[in-house]
Amino acid sequence: MSVHIGAKPGEIAETILLPGDPLRAQYIAETFLEGATCYNHVRGMLGYTGTYKGKRVSVQGTGMGVPSISIYVNELMQSYDVQNLIRVGTCGAIQEDIKVRDVILAMSASSDSQTNRLLFNQVDFAPTANFDLLHKAFQVATEHNLSVKVGNIFTSDSFYRESMDLYKKLASYQVLAVEMESSALYTLAAKYKRNALSVLTVSDHILTGEETTSEERQTTFNEMIEVALEAALIK
Ligand SMILES: O=P(O)(O)O[C@H]1O[C@H](CO)[C@@H](O)[C@H]1O
Ligand SMILES: O=c1cc[nH]c(=O)[nH]1
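Every chain begins its residue count from 1, and numbering advances along the sequence as written. Each chain takes a letter, starting from A, and each ligand takes a number, starting from 1, following the order in which they are written. Residues qualify for local features only when their pLDDT is at least 70, as the model is predicted, and side-chain atom pairs are given and counted only at 80 or more; totals for whole chains, interfaces and linings, by contrast, use all residues. In computing side-chain properties, one takes all heavy atoms of the structure into account and sets aside hydrogens as well as water.

Per an unreviewed UniProt entry, the chain carries the name Purine nucleoside phosphorylase DeoD-type and comes from Brevibacillus invocatus. UniProt positions are given in the numbering used here, feature names are shortened, and annotations may be inferred rather than shown by experiment. As recorded by UniProt, the Subunit (unreviewed entry) comment attached to the chain reads in full: "Homohexamer; trimer of homodimers." UniProt lists a comment for the chain under the heading Function (unreviewed entry), and it reads "Catalyzes the reversible phosphorolytic breakdown of the N-glycosidic bond in the beta-(deoxy)ribonucleoside molecules, with the formation of the corresponding free purine bases and pentose-1-phosphate."

Draft legend 1. Spotlight on the UniProt feature "binding site: phosphate" (unreviewed entry) in the chain. The sites that UniProt annotates as "binding site: phosphate" (unreviewed entry) are Gly-20, Arg-24, Arg-43, Arg-87, Val-88, Gly-89 and Thr-90. Tracing the sequence through the fold places Arg-87 in strand β5 (residues 84-93). Using a relative accessible area of 3% as the deciding quantity, one classes Arg-87 as buried. Note on definitions: a residue-residue contact is assigned when non-hydrogen atoms from the two residues lie within 4.5 Å. Apart from residues no more than four positions distant in its own chain, Arg-87 is found in contact with Leu-18, Gly-20, Ile-69, Glu-179, Glu-181, Ser-182, Leu-185, Leu-197, Ser-198, Val-199 and Leu-200. Within 3.5 Å is the distance limit for a polar contact, defined as a pair of N or O atoms, with the added protein rule that one can donate a hydrogen and the other accept it, and that residues adjacent in sequence qualify only through two side-chain atoms. Here Glu-179 takes part through its side chain, which lies 2.9 Å from a polar atom of the side chain of Arg-87. With respect to the element layout, Thr-90 can be found in strand β5. Once residues lying within four places of it in the same chain are set aside, the contact partners of Thr-90 are Arg-24, Glu-179, Leu-200, Thr-201, Ser-203 and Phe-221. Per the convention used, a helix needs a DSSP run of H or I reaching at least four residues, while a strand needs a run of E reaching at least two, with both numbered from the N terminus. Partly exposed residues are those whose accessible area sits between 20% and 50% of the maximum for their type, while under 20% is buried and over 50% is exposed, using a 1.4 Å probe and protein chains only.

In structure tokens form, the structure reads like this:
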């Protein structure tokens, strides 16, 4: 057991999917994994291990935001020796040519979180995805004719924003979308020499206000999860 994860040693696979929502973890385990068993109920942050195409894979909810995902990722890597971590999350688009339901592969993650500024003594560290996972995920997405974009995203400490000014500025610098965890995932993976990628589904468009229905979200989530699971097979 670690502080926030109740799994016994060996119960978590070396490759893991990380949705923010613990109920998405349950959905992924029940829909995509064979023989999945639940290893964590602590704080309701569900975690499961099963197999996908014969490969042992886990899926763990992380909660929302940098502090929450940092707790789970630290414990997964330090206490359970997890090697490959793929976030499967939602994001809000800030580019006009990105539509709701598109899949985004986060090559890098800018942030307004102070965590890395404090860690690196005010120097800007560039949190970056693992290239092999990114490359494979892009191949899978294009083979399945998905609408996929690859680039820089923004990890925000805020879901509710006072104004659109920052998002317009970020968009003008080619940032694709906004979410709340990837910069921490990439930074911690770099620290512990692990492999990380964020695969995101655009759930809403911040500039136009367009949103997905819950049914649409489920279908497009399935595409994102399949991309993540197929990418996971290379590690
Ligand atoms: O769908 P998840 O993975 O939770 O990701 C996004 O959704 C949450 C906000 O609604 C934040 O966690 C954000 O990063
Ligand atoms: O963090 C997020 C996730 C989806 N949509 C947003 O606007 N923000």
